[in-house]
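If you want the building blocks of each chain, they are given just below.
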Amino acid sequence: MKKVLVLGGGFAGVDAATHLRKRGYDVTLVSDRDYFYIYPTSIWVPTGEASFDDVKVSLEELRDAHGFTLLVDGVETIEAKANRVTLASGKVIDDYDYLVVALGAHKMKHPGIEHTLSICGDPRESLRIKERIDALVAKGSGKVAFGFGGNPKDTSAVRGGPGFELFFNLHELLKKKGIRDRFELTFFAPMPKPGARMGDQALSMMDTMFERADLNKHFGKKIKRFEEDGVVFEDDSKLDSDFTMFIPAGDGHGVIKASDLPTNEAGFVAINDYSEVVIDGEVSNVYAAGDVAALEGPEWRAKQGHVAEVMSKNIAFNIAARDAGKAERKGYQEHLNILCVMDTGTGAGFVFRDDKKAFMMPMPVLGHWMKKGWGWYCRNTKLGKIPRMPGL
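Thresholds, definitions, all that
Residues numbered from 1 in each chain as written. Predicted model: local features only at pLDDT ≥ 70, side-chain atom pairs only at ≥ 80, totals over all residues. Heavy atoms only, no water. Helix = DSSP H or I, 4+ residues; strand = E, 2+ residues; numbered from the N terminus. Contact = heavy atoms within 4.5 Å. 1 Å grid on protein atoms, 1.4 Å probe; cavity = no way out; pocket = protein on both sides within 12 Å on 5 of 7 lines; lining within 4 Å. Points joined across faces, edges and corners; volume = space filled by probe spheres on them. Nonpolar A, V, L, I, M, F, W, Y, C, P; charged D, E, K, R; others polar. Buried < 20%, exposed > 50% of the residue type's maximum accessible area, 1.4 Å probe, protein only. Pairing = 2+ DSSP bridges. Axes fitted to C-alpha atoms, helices over the stretch in contact; angles between N-to-C directions.

**Q** I would appreciate a short explanation of the side chain of S312 in the present structure.
**A** Note that S312 resides in helix α7 (residues 305–323). Setting aside anything within four residues of it in sequence, one finds S312 in contact with A12, D15, A16 and A289.

What follows is the structure, encoded as structure tokens:
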């Protein structure tokens, strides 16, 4: 039985391990935390609508359900040409036949970033955000700034959706408590039209939502630095804030940048359409999926969980086809699209974009519960308790 080493316990890593086990491979999954985190539903942890445990799944449970070997450890170095991975504990793994890299991304580091918290960073930051929100609610008033940034070296590494979702959920929480009028809520981003990758209709609808909810916008100015009490922009203007939530753009993972793997300018692993890594002109035994990989495609492309899942499923197929001596391969680019249910606290907007169309469809009330239902679906399909619906 051939051995596959999977690095990373997120959407890409867990799905790679699961699909490879279904194809009969001996799989070892390495993760630096002992749980799989459902980031899309973590937006409700800061507002108290979900607990931290609600949005995580034990990797031990996933191991038991699918039969892979689990190592809870960090990755120290990757030496692809030497077929060797060294873990943070000092353990060296060099007996694998294939390596699947799914480590995710690191984040851009703005000056003063320590004065912010991110809903897309370390999972436990969601609890710290909750503490800050609870403190402001107890105070009864305040100025709050939410935003996200971009990476000029890789436009696919932006993740603004969760910021918008948490922003609207905070607005609804303050309304329910009867103190919304005592808070100044501002969303900021360095690009003139944040969310433009979703399409013109979505942008127009977002503008309407901001106006109706009396939410402030601060767009089109580059961020110079963060301070304890606000955000300073390139023209030295300042957005005052009692609490700043900021989602930095993704950046190449430090382990990848220090490895001998080929990367793009931003430090993401260079792959072909089949998620294969080509080293010295030859297809190697290394594959990459999810945020760690350099996605090729249209300017609006975005790194999302469902794209990572497609890549991982294809990797399992491609490895099995390779071992069977078959020429057929499956690629990820034909599946590139933007797909999300953007929760607003009381409803949602269904967002979709591909090469042919782009739209945002409002879903009052129902949309909120659809996203709740998706969280349950995600957990239980990962554990193999219910079958996965085709295309999802």
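After that view, the rundown keeps rolling.
**Q** Can you help me understand the layout of surface pockets in this one?
**A** Left-over empty space is what a probe sized like a water molecule reveals as it rolls over the atoms. Approximately 420 Å³ is the volume found for the second largest pocket. Together, 18 residues line the second largest pocket, and M209, R212, T344, T346 and P362 are the ones closest to its centre. The set of elements that each furnish at least two residues to the lining of the second largest pocket consists of α4 (161–176), α5 (200–212), β24 (347–353) and β25 (358–364). A class-by-class count of the residues in the lining of the second largest pocket yields nine nonpolar, six polar and three charged.

**Q** Before we go on, may I ask you to explain unusual backbone geometry in this structure?
**A** Excluding glycine, most residues fall at negative phi; most peptide bonds, likewise, are trans. Here the phi dihedral of S275 falls at roughly 65°; this positive angle occurs in a residue that is not glycine. One can find S275 in the loop between β19 (269–270) and β20 (276–279). Of note in this structure, D280 is not a glycine but carries a positive phi near 55°. Summarising the element assignment, D280 is placed in the loop between β20 and β21 (282–288). On the accessibility criterion, D280 (62% relative accessible area) is exposed.

**Q** Which parts of the structure should I look at to understand the sheet that holds β25?
**A** Within a sheet, each strand pairs with its neighbour through backbone hydrogen bonds, oriented either parallel or antiparallel. An order of β23-β24-β25 is seen for the three strands of this open sheet, with the pairing classed as antiparallel. Edge positions in the sheet fall to β23 (338–343) and β25, since each of these pairs with one other strand and no more. On average, adjacent strands in this sheet sit at an angle of 15° to one another, irrespective of strand direction. Here β23 runs beside β24; their pairing, made up of six bridges, is antiparallel.

These values are about where atoms sit, not about what they do.
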